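Given next are the chains, with one letter for each unit.
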Amino acid sequence: MLGALGPHMTVGTQITVEAPFGHLVLSIGHQEPPSALYTGGGPAFFDQLVDHIDRSRSVDLAVAFVLESGLVMLEPYFRDLLDRGGRLRLVVGDYLDVSEPAALRRLCDLPGDVSGHVFETAGGSFHPKAWLFRAAGNGGTAIVGSSNLTRTALIHGVEWNLSVSGEKDWEPVEHAFEELLRSPNVKPLTQAWIDAYSARRRRQPLPQMAQAIAKDDIPLPTAAPHEIQCEALAALARARADGKRAGLVVLATGLGKTWLSAFDATDFERVLFVAHREEILTQAMTTFRRIRPEARFGLYSGSAKDEGEILFASIQTLGKTDHLRRFDPEAFDYIVVDEFHHASAATYRRLIEHFRPRFLLGLTATPDRTDGADLLALCDDTLVYRCDLAEGISRGFLSPFRYFGVPDDIDYAQIPWRSTRFDEEALTTAVATQARAQNALEQLWRHGDGPAIGFCVSRRHAEFMAEFFRNAGLRSVAVHSGEGSAPRTSSLEALGAGELDILFAVDMFNEGVDVPQIGTVLMLRPTESAILFLQQLGRGLRRIEGKVLRVIDYIGNHRTFLTKARALLSAGDGDRALSQRLDLLVAGELDLPEGCEITYDLKALDFLRSMLATTGAQDEAEAWYRVHLLRHGRRPTALEFAQAGFSPARTGHGGWFEFVRDMGDEVPASVLGQAGLMRALERPALPCPAGPALMSSLIAGGSVSRQSLHAAITAAIPASSQAQPITRDDFEEATSHWLMTPFVVEHKGKLAVRGETGPVVSAAVDELATWRIVSASDAGPRRQEIDEAAQPFGAPAIWHEYMREDIPPLFGETFNPGSWNSGIVKTRTGLVLLTTLNKGSLAQGNHYEDHFLSDRRMQWQSQTSTKQNSERGRILSRELPNKEVHLFVRSSKLRGKTAAPFTYLGKPRFVNWEGERPITIEWELPEPVPAELHRAFGIG
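Residues numbered from 1 in each chain as written. Predicted model: local features only at pLDDT ≥ 70, side-chain atom pairs only at ≥ 80, totals over all residues. Heavy atoms only, no water.

The name an unreviewed UniProt entry assigns to the protein is DUF3427 domain-containing protein, from the organism Sedimentitalea arenosa.

J.: Account for the sheet that holds strand β6 (residues 113-119), naming residues and giving values.
T.: If you trace the eight strands from one edge of the open sheet to the other, you get β3-β9-β8-β7-β4-β5-β6-β10, paired in mixed fashion. Where the open sheet ends on each side, the last strands, each with one partner, are β3 (35-38) and β10 (186-188). Going from strand to strand, the sheet's axes swing by 15° on average, the running direction of each strand aside. Of the strand pairs in this sheet, strand β7 (residues 129-134) and strand β8 (residues 140-145) are connected by five bridges, and their pairing is antiparallel. In the sheet register, F133 faces β8, and the bridge partner there is T141. Relative to strand β5 (residues 87-93), helix α3 (residues 68-83) is tilted by about 140°, and along the sheet it contacts β4 (58-63), β5, β6 and β7. Helix α6 (residues 171-181) contacts β4, β5, β6, β7, β8 and β10 of the sheet and is inclined by roughly 65° relative to β5. (Pairing = 2+ DSSP bridges. Helix = DSSP H or I, 4+ residues; strand = E, 2+ residues; numbered from the N terminus. Axes fitted to C-alpha atoms, helices over the stretch in contact; angles between N-to-C directions. Contact = heavy atoms within 4.5 Å.)

J.: Any chance you could break down the nonpolar core for me, citing the residues and the numbers?
T.: In this structure, F401 and Y600 are the most contacted members of the largest nonpolar core, which totals 89 residues. Setting aside chain neighbours within four positions, we find F401 in contact with L389, I393, L541, V548, L549, V551, L568, G595, C596, E597 and I598. (Core = buried A, V, L, I, M, F, W, Y, C linked by side-chain atoms within 4.5 Å. Buried < 20%, exposed > 50% of the residue type's maximum accessible area, 1.4 Å probe, protein only.)

J.: So, the side chain of K564: which residues are in play, and what are the values?
T.: Within the secondary structure, K564 is located in helix α21 (residues 561-568). The buried category is assigned to K564, whose relative accessible area is 1%. A distance of 2.5 Å separates polar atoms of two side chains, one belonging to K564 and the other to D553. Excluding residues within four positions of it along the chain, K564 makes contact with R525, P526, T527, F533, D553 and Y554. (Polar contact = N/O pair within 3.5 Å; in protein donor to acceptor, adjacent residues only side chain to side chain.)

J.: Outline the packing of helix α9 (residues 227-241) against helix α10 (residues 257-264), supporting the account with residue identities and numerical values.
T.: The geometry of α9 relative to α10 is characterised by a closest axis approach of 10 Å and an angle of 45° between their N-to-C directions. Considered as vectors, α9 and α10 are oriented oblique to each other. At the point where α9 passes α10, the crossing takes the right-handed sense. Side by side, α9 and α10 meet where Q229, A232, L233, L236 and R240 of the first sit next to W259, L260, F263 and D264 of the second. A class-by-class count of the residues in the contact of α9 with α10 yields six nonpolar, one polar and two charged. (Parallel < 35°, antiparallel > 145°, perpendicular 65-115°, else oblique. Left-handed = near helix turned anticlockwise from the far one by under 90°. Nonpolar A, V, L, I, M, F, W, Y, C, P; charged D, E, K, R; others polar.)

J.: Explain the UniProt feature "domain: Rhodanese" (unreviewed entry) in the protein to me, and be specific about the residues and the numbers.
T.: Listed under "domain: Rhodanese" (unreviewed entry) in the UniProt record, and renumbered for this structure, are residues 637-668. Secondary structure over residues 637-668 splits into 41% helix and 0% strand, and the C-alpha atoms at its two ends are 15 Å apart. (UniProt positions renumbered as here; feature names shortened; annotations may be inferred.)

J.: Talk me through the pairing of strand β35 (residues 884-892); I want residue IDs and the actual numbers.
T.: In terms of burial, β35 is largely enclosed, as eight of its nine residues are buried. Of the strand pairs in this sheet, strand β32 (residues 830-838) and β35 are connected by eight bridges, and their pairing is parallel. Note that in β35 the partner of L831 across the bridge is V885. Sheet topology places β35 next to strand β38 (residues 902-906); three bridges connect them, and they run antiparallel. Note that in β38 the partner of F888 across the bridge is Y904.

J.: Tell me about unusual backbone geometry, and name the residues and values.
T.: With an omega of 10°, the peptide bond running from R917 to P918 counts as cis. The residue P918 is located in the loop between β39 (909-914) and β40 (920-924) in this model. One non-glycine residue, D97, adopts positive backbone phi at about 55°. Relative to the elements of secondary structure, D97 occurs in the loop between β5 and α4 (101-109). Positive phi, normally seen in glycine, also occurs at W799, with a value near 70°.

Below is the structure:
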């Protein structure tokens, strides 16, 4: 133990011994000595600077020159200082023109209370290298020595720097700095000053001393796109070559969307980068600065800092009409809209419609939308490139993961829901408990591996968790945007270096965390957004050799937890789609990238299933679909599905073609790419039959004038639909309806469909349009005719469906509602059993216990008046010769709003019976029930 402590023992080291919960904990602290000399040859001086910055509320700095290599090292710590409300003042000299314009630009990029100055030497000298750190209260530290702001001076060079922290010892440095700021040689560091300075350096060669300093320093490595980014860049170049002026790129979290945009924007002079969070803008500025080190950047606030070749702006500010009016529509050559899944919001639409750039790039980690609007319609209908999470993992760019969904015992039904999220105060009170924290600790011990990051509800929650884990013997900190937070950058570095076990965060590190050593992500909060869930998951997906990320996620009794499951399992919209994916997962049939595992605790799985609004009707719809596919060798059309009594718009999978995809049939990407249009065709608000008929004609005809459309849509209505002729008023109503959507545009009197309109998409539109047109007729969707050849007397086809009124002719009988509306009908040849399994809508007294025992056995119950020795009883037991029993079964009474058909199961064999009035009989079926019907019939 002493050997391990040795490297940490320096002047001022303090060791605290504690024993919480029976664990021996040694805490190593440091008390600043009154003075210390740092002589270079290692990282000690740099580490001291970082330590002082992290503990300061203000930092003053004066150096002769600054190189980009040195500033990059300290920039994250400067940003942390400014983010927590601290102050930074610095004076940099132009001595021998050594300072690099790129470094000066970076200083101007810093946000917050920062005051940059330059000392103009005018041929003279300027050699100070001094720091002044002021903490809360009256304490302070001054460092004076020989190190300028270069990587060599901070890390490698032989430099002497003396630190003084004694009371009043630092005051002479403070007085000298204030005096320096009053010097007439000190000027504000502005973009204009840097422009002039940069031009001066280009006009004449640097002095030999300046060249030697630059040569001796270690430059930043050249940034280059990785393979996936290269593919996306090539696709963007092709799109522009094809005349596209906008495009959408979908890249999973961790694959470098912002880097991609910075690489792609290099050939454009004026660039606008828009996002909805300041955190994203700050990180984007850092990324773009690596690609364009000497470009002028601006951060638009509505007043100051709105200059720059590259402008960064929040949508909350720039999206307002009065701000947009300040910009010419052609002010920018290239516009980036990050997190483009928000682009359907009105503010984004205003911005997109205002500007006319040479190219607009939309970026998102997922194309899913919360309001159903069509993103591609806002991006020139062009999906340029896509690489999702599964592909990123499969191609080795992201780490595989093992996900553990664990039950959350909090009763979320008792926590108030405010608009789109839980009340933070009430939620914090519920989650910040000893019991839940102990459970999280045990889950981490059971499932975790390596340094962990935990995402919390609030600052109070994060601080509570950090303290609890510290008391349990783990090295933990809480990082957030308020007072008392551990330093952000230093904490991440400590986590990556193994000096921390876990870091608890609040609304931070959702973007831009580059710590590949993170081994566990602990999700301690409900997440209303799939994007946020994927971003938090992505914090641990940075790959290193041999790593498999562990994800521990709490699942509670509220529908918001379905959002995470839907994103994780790549389920489509609708509860039925998610239920189907869960079934595949439980059966071990879900296709996951190599090395990935998803495991739900049984209680967590029960939580998810209990919140899914799936129905027996959906089971029946899926069963009918599969049987149709087996019988006909093709999937049913939307019209056939509707004629069987189901609604193509209400499958529980989002839309008709998402249902087709989830049932295992191939749906072209171009059709799924027009999901918004397909949903619009399915919506009840669409004027029918004119609305679907107009779209069917429009997508087939390209750009069509209004004058040509009326005749075309009249011809598009099939004669068999019995729909009324479309009047001029119907046509105008349908036209107005479509023009109010993002799917149809009118230009110079001609209407056209936005997005891909090739033969495949056209056929999909026709399929939905045909269903809607037929449904709009007075007759409504007719029950599908039995498509097999007419069956001979007494020989219905096993596993085929028959409406109640179609069954009597199969046995040479005539339909009589009085007889055939009962569950058991006597015919000349025996008995026909018409069994409804789910009898929720039947009258009390008719709820017979009918259910399947297996795929070959069924329990069936007679009417309450039937006795074993009666004629019906003797037919059922097969005592009477030449009498047969035929069994028809359906899941429920209704299919949609009409009567459901029965499925013929053949002539069952009597096994045994018991009881009287009613009699309970066990049947053996002639053939096992096909797997496709198991869920509908409640088997398994």
